[in-house]
Every structure is written in structure tokens, then in C-alpha cells.
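What follows is the residue order along each chain.
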Amino acid sequence: AHLALTGQIQECQISDPQQFTPQEKKVVWRYLLNVYPDGLTGQERMDYIKRKTREYERLKGEWAERASPDDLEFVGGMVLKDVLRTDRTHPYYAGSEDSPHLMALHDLLITYALTHPGVSYCQGMSDIASPILAVMDHEGQAYICFCGIMKRLATNFQMDGEVMAVKFQHLKVLLQRTDPEFYAYLLARGADDLFFCYRWLLLELKREFAFEDALRLLEVAWSSLPPDPPETEVELTGPPLPPTEGRASRHRHMVRPARELAAGEDVASRCGDGGEGAGPPRLPAKQSSFGDFQSGPEASGVGGDGEEEEEDRGREEERGREEEQPLLQPPCLQSLGVKKSASAPALNPSVDGRCSPPDGEPDPTTTAALGGVPGEAAPSNKQGPPALPPPQEFGRGNPFVLFLCLAVLLEHREHIVRSQMDYNELAMHFDRLVRRQNLNRVLHRAKALFADYLQSEVWDSEDGDEAAAGTESPASS
């Protein structure tokens with residue numbers, strides 16, 4: 001890549017993100033996050049950032065004008081709770097709870113929530129802002145970049161779940177086409193909705209890798225997207241709420257669903273507004289920890305041999321002492337527009353949900369590949385999975401993240417099938433692997449899968465052909 005700080009950045013591939021100095025990295029990230037308008041010289045870029053930073057400082061000084069004292073206290077409490085548990089093991093955020101870096105993260109998130117009332121603050125946004133602040137090392141510049149990335153990611157946090165539902169469906173179809181036997185295994189265990197991947201899609205896998213690895217992953221993923229620079233300048237404020245919504249809407253946007261669903265609890269009462277009719281019937285409880293798994297008595301005996309389990313539990317307890325990361329979970333099934341699989345078994349937390357074949361049955365791996373539970377007919381799919389959408393539609397415009405998710409799934413496929421994991425065990429397995437995924441293996445596999453997709457004919461449309469002609473596989477890193 002060629003970078004001239006005093007001139008214009010030429011269109012290029014990032015062949016090795018680690019080659020940049022910290023100052024160059026800041027400029028590259030601003031381009032990747034669509035902060036700069038096209039055609040700025042080096043001096044114009046610096047003047048532009050200084051002006052937008054002053055705008056941020058003005059917005060930060062308007063908190064009291066944009067929210068009542070009660071609303072400001074509510075927003076601040078939500079943000080502070082998450083900030084104090086975000087990336088605290090990394091040196092940039094380590095130390096006392098009133099450290100300048102934590103306060104900068106806190107302030108920029110509150111400013112975003114108050115200036116974007118239609119989005120406000122939702123759990124997980126601190127994970128998106130944290131690496132940006134660590135790289136920018138400047139609160140105002142980090143806020144500008146955060147507004148740039150949230151232009152693309154804000155729809156992930158909509159309470160109607162429409163965008164996330166599309167991403168789940170696309171990931172499901174991608175897995176069906178890539179590994180139909182593994183998909184059949186998940187289908188037989190009621191895990192074909194892939195809800196255990198919610199955190200991956202919401203945060204674009206930021207939390208699945210160690211912090212420095214996550215920075216590299218984000219750079220590769222962002223470089224796979226076509227540039228979308230602002231016409232004039234990046235907007236630091238969003239549209240006001242419609243007059244009919246007001247304070248109650250702000251609370252609905254900011255309150256995420258309860259972090260743990262008790263067995264048999266009414267999903268509607270925890271995910272909806274409550275009080276509007278009886279709501280949908282109760283659903284069988286699934287493991288709903290979509291962040292770091294909180295181990296308990298029911299967690300024992302999950303996959304792998306005894307020594308691996310002890311080691312995993314020891315590491316989890318150690319990490320829990322170092323950092324209590326907020327849990328992430330999706331809105332209820334209804335709000336995502338995803339129906340519970342008809343093949344899903346009744347999941348009762350008091351009963352071991354694993355499907356262990358009796359003595360004398362075939363190898364569980366073979367059985368699972370053919371559809372799952374011994375003695376049951378394998379699910380049939382005579383029509384086959386639908387075609388994949390073209391790149392500009394796939395994953396709602398970010399197809400490479402779907403291939404990263406697919407690569408993580410396939411990295412653990414054999415262990416999952418061999419251990420006959422059900423839905424809850426899958427969720428617990430991946431919760432134990434937070435910040436422990438192998439970046440090199442996942443990137444290598446994802447790039448190969450993505451390149452095959454771009455060169456294949458599994459999607460076919462005039463728009464898709466044009467997209468393929470102008471889309472390149474993420475650069476090597």
C-alpha cells in the first residue's frame with residue numbers, strides 16, 4: 001500500500017496492515033470507516049478533522065439541552081455499566097475506573113446516544129467504539145470514526161430485528177450450500193437458526209479474538225467493502241425522533257432484552273413492551289448467554305474430554321476475575337422474524353439435552369452427518385438451498401463477515417459433531433472461546449471461501465455480475 005500523509009491516498013490494497021505507523025494507521029482507518037470525502041489533500045484532511053473535532057466538542061457540551069436529567073442519568077448508567085466491562089484486560093483500558101481512556105469511551109457513547117435518538121445506546125456499541133478509540137487515541141477523532149461506522153451498523157441495533165434476521169437467513173443459506181451435512185446435524189438438534197452466532201453478526205466478530213487480532217480482523221473485513229465516502233462530510237448527528245415517540249421510545253431503544261432468560265419465562269414479557277395482550281406462547285428455554293458464558297452446575301460435561309473441560313473452566317474463572325464482560329443476546333425470536341425450528345427438541349435445562357447413541361450404534365459423526373439423532377430419519381431437502389445473493393445484497397452489503405462466521409463454524413465442526421453438542425452446548429462452547437479464536441486459521445479459510453463465492457456462479461444477476469467485476473477478495477494480511 002502507498003500512503004502519503006501530505007498528499008492524496010491512491011486507491012490500493014492493504015497488503016500488510018502491520019506495516020503502518022500509528023499515525024498512518026489513523027488515516028487509513030478514517031478512510032476505511034468512510035470519514036473523509038473524496039479528493040482531499042493531506043492538509044485538507046487535517047483541517048477537516050480539526051473542524052469536525054470542534055463540532056464534537058460542541059455536541060458534547062449540549063448534553064443537558066438534548067436530554068432531561070432523568071434521561072441523561074438513564075443513558076449514563078447504561079453506558080457506564082458496559083464501559084467498565086469492555087476490554088479492561090487490554091493495557092489501554094486497564095487501571096482505575098475513572099481513567100481518561102474509560103471516560104473518553106463513556107463520553108463519546110453518551111454523545112452518540114443523545115445526538116442519535118433514533119438509535120440511542122444499545123449493548124454492544126461499546127465493543128464497536130473501543131478499538132476505534134484505542135487506535136485514534138483521541139476522543140473527538142474516535143467519535144467521528146464511530147459515526148462513520150455506525151452509518152453502516154446502526155441497523156444491527158434496531159429493535160424490530162429486521163436487518164439481523166436477514167443476516168441470520170443469509171448465514172443459514174451459506175452454511176447449507178457449503179456444508180449440507182453439518183447443516184443437517186444442526187437442523188436435527190434445533191440449532192439451525194444459528195442464534196448462537198448472534199454476537200458474531202452484531203459485532204462483526206470483534207469479541208471472538210484477542211484485542212490485537214481483532215484490530216487486524218476488522219481492517220481486513222473493512223477493506224473488503226466498497227468505499228462509501230460522504231458527499232460533503234460525515235454527519236455527527238442523526239435525525240430527531242418523530243413527535244409521536246418521545247421519551248418512551250428512547251427507553252425502548254436503549255433497553256436491550258434481559259441478559260438471561262429463566263427456564264419457562266415468558267419471552268414476550270422480557271422482549272416486548274409488555275401489557276399488550278397475552279403475547280405469544282412460551283418457548284422452550286435455550287441457553288441465552290451470547291457473551292462470556294457464566295458457568296454453573298449445568299455447564300459440566302459439555303463437549304471434549306474431562307481434562308479439556310477442567311482447563312476451560314479454569315481459564316473461564318480466571319478471565320471472569322479479570323473482566324466481567326456484558327452478555328449479549330438477541331431480541332426474542334419473534335422480534336427477529338425467525339421462527340423456532342420445527343425440528344428443535346424440547347430443551348429443558350434440568351435434563352441432559354445431548355443425544356448419545358446407544359451401544360452398538362454407528363459412529364455418532366456418521367449419524368449426525370446424515371441428519372442427527374439415531375433412529376430418526378434424516379431431514380430431507382429435495383429442492384436444495386436457494387441461491388446466494390449477489391455481493392451487494394449478501395449479508396446486507398457485508399458478505400465477507402458471513403464467510404468469517406462460516407469459517408469459525410467450520411473450524412469447530414468436527415469437535416461439535418464428535419461431541420454431539422445440542423443448541424445449549426454450542427452456545428456454551430463458543431462462549432468459552434471468546435477472545436480465543438485462531439485468527440490466522442479463520443482468515444485463511446474465510447478468504448478461500450469468499451474467493452470461491454466471488455468466482456462462482458452460485459449467484460446470478462446483472463447487478464451481481466457488475467459487483468463481481470469490481471469486488472476483490474480481502475487483501476492478504
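Residues numbered from 1 in each chain as written. Predicted model: local features only at pLDDT ≥ 70, side-chain atom pairs only at ≥ 80, totals over all residues. Heavy atoms only, no water.

**Q** Just give me the short version of the pattern of salt bridges, but keep the residues and values in it.
**A** Evaluation of the coordinates by the stated rule reveals 22 salt bridges. With a closest N to O distance of 2.8 Å, Glu55 and Lys52 form a salt bridge. Of this pair, Glu55 and Lys52 both sit in helix H2 (residues 42–60), 3 residues apart, which is roughly one turn of the helix. Here Asp179 ties to Arg413 by a salt bridge, and the two come within 2.5 Å at their closest N and O atoms. (Salt bridge = Lys/Arg side-chain N within 4 Å of Asp/Glu carboxyl O. Helix = DSSP H or I, 4+ residues; strand = E, 2+ residues; numbered from the N terminus.)

**Q** Can you break down H2 residue by residue, with the values?
**A** When the terminal C-alpha atoms of H2 are compared, their 27 Å separation across 19 residues agrees well with the 27 Å that a helix rising 1.5 Å per residue should span. Structurally, H2 contributes buried residues whose contacts are with helix H1 (22–32), helix H3 (63–66), helix H5 (100–115) and helix H7 (139–153). (Expected span 1.5 Å × (residues − 1). Contact = heavy atoms within 4.5 Å.)

**Q** Please give an account of the confidence of the model for the chain that cites residues and values.
**A** As a general rule, the predicted coordinates of low-pLDDT regions are not to be interpreted in detail. Confidence in the prediction of the chain, expressed as mean pLDDT, is 76, and 62% of residues score 70 or more. Here residues 1–15 scores under 50 on pLDDT; set against residues more than four positions off or in separate chains, the count is 42 contacts. Confidence drops under a pLDDT of 50 for residues 462–473, and excluding neighbours within four residues, the segment shows 20 contacts in the predicted structure. (pLDDT = per-residue confidence, 0-100.)

**Q** Could you give an account of unusual backbone geometry, with specific residues and numbers?
**A** We note that Ser120 has phi near 60°; this positive angle belongs to a residue other than glycine. Position of Ser120 relative to the elements: it lies in the loop between H5 and helix H6 (125–136). We note that Leu194 has phi near 60°; this positive angle belongs to a residue other than glycine. On the secondary structure map, Leu194 appears in the loop between helix H9 (180–188) and helix H10 (198–203).

**Q** I'd like to hear about the packing of H5 against H6, residue by residue, with values.
**A** Here H5 crosses H6 at 125°, and the two axes come no closer than 10 Å. Here H5 lies oblique to H6, going by the angle between them. Crossing hand, H5 versus H6: right-handed. Contact residues: His101, Ala104, Leu105, Leu108 and Leu109 in H5; Met125, Ser126, Ala129, Ser130 and Leu133 in H6. Of the residues that constitute the contact of H5 with H6, the class distribution is 7 nonpolar, 3 polar and no charged. (Axes fitted to C-alpha atoms, helices over the stretch in contact; angles between N-to-C directions. Parallel < 35°, antiparallel > 145°, perpendicular 65-115°, else oblique. Left-handed = near helix turned anticlockwise from the far one by under 90°. Nonpolar A, V, L, I, M, F, W, Y, C, P; charged D, E, K, R; others polar.)

**Q** Pulling in residues and values, what's your account of helix H20 (residues 439–455)?
**A** In this model, H20 (17 residues) spans 24 Å end to end at C-alpha, consistent with the 24 Å of a helix rising 1.5 Å per residue. Within the sequence span of H20, burial applies to Leu439, Val442, Leu443, Ala446, Lys447, Leu449, Phe450, Ala451, Tyr453 and Leu454. Structurally, the start of H20 carries an N-cap: the backbone nitrogen of Asn440 is 3.2 Å from a side-chain oxygen of Asn438. (Buried < 20%, exposed > 50% of the residue type's maximum accessible area, 1.4 Å probe, protein only. Polar contact = N/O pair within 3.5 Å; in protein donor to acceptor, adjacent residues only side chain to side chain.)

**Q** Which residues make up the nonpolar core, and what values do they have?
**A** Counting 113 residues, the largest nonpolar core has Leu109, Phe146, Met150 and Phe196 as the members making the most contacts within it. For this core, the element with the most residues is helix H17 (residues 399–411), which contributes 11 residues. (Core = buried A, V, L, I, M, F, W, Y, C linked by side-chain atoms within 4.5 Å.)

**Q** Explain the state of the cysteines to me, and be specific about the residues and the numbers.
**A** Tallied over the entire structure, the rule returns 0 disulfides. Free cysteine: Cys147, not disulfide-bonded; nearest cysteine sulfur from Cys145 at 9.4 Å. Its sulfur unpaired, Cys405 is 6.1 Å from the next cysteine sulfur, which belongs to Cys197. Judged by its relative accessible area of 0%, Cys405 falls in the buried class. (Disulfide = S-S within 2.5 Å.)

**Q** Tell me about the side chain of Asp127, and name the residues and values.
**A** Considering the arrangement of structural elements, one finds Asp127 in helix H6. According to the relative accessible area criterion, Asp127 is buried, its value standing at 1%. A distance of 2.9 Å separates polar atoms of two side chains, one belonging to Asp127 and the other to Lys206.

**Q** Account for the packing of aromatic side chains, with residues named and values stated.
**A** Counted by the stated rule, this structure contains 19 aromatic pairs. Considering the side-chain rings of Phe403 and Phe450, the 5.3 Å spacing of their centres and the 55° angle between planes classify their relative orientation as tilted. Of the two residues, Phe403 is situated in helix H17 and Phe450 in helix H20; the sequence distance between them amounts to 47 residues. Taking relative accessible area as the criterion, Phe403 reaches 2% and is therefore assigned buried. One aromatic cluster is present, built from ring pairs that chain together Phe394, Phe400, Phe403, Phe450 and Tyr453. (Phe/Tyr/Trp six-rings, centres within 6.5 Å; stacked < 30°, edge-to-face > 60°.)

**Q** So what's going on with the packing of helix H4 (residues 69–83) against H5? Residues and values would help.
**A** H5 packs onto H4 with a crossing angle of 135° between their chain directions and a minimal axis gap of 9 Å. Between H4 and H5, the angle is such that the two are oblique. Crossing hand, H4 versus H5: right-handed. Between H4 and H5, the contacting residues are Leu72, Val75, Gly76, Val79, Leu80 and Val83 on the first element and Leu102, Met103, Leu105, His106, Leu109, Ile110, Ala113 and Leu114 on the second.

**Q** Please set out the environment of Trp29 residue by residue, giving values where relevant.
**A** Mapping Trp29 onto the fold places it in helix H1. Looking at Trp29, the relative accessible area reads 0%, which means it is buried. Placed 116 residues apart in sequence, Trp29 and Cys145 show a C-alpha to C-alpha distance of 8.0 Å. Once residues within four sequence positions are removed from consideration, Trp29 is found in contact with Pro131, Ile132, Val135, Met136, Leu215, Glu219 and Trp222. For Trp29, the side chain forms a polar contact with the side chain of Glu219, separated by 2.7 Å.

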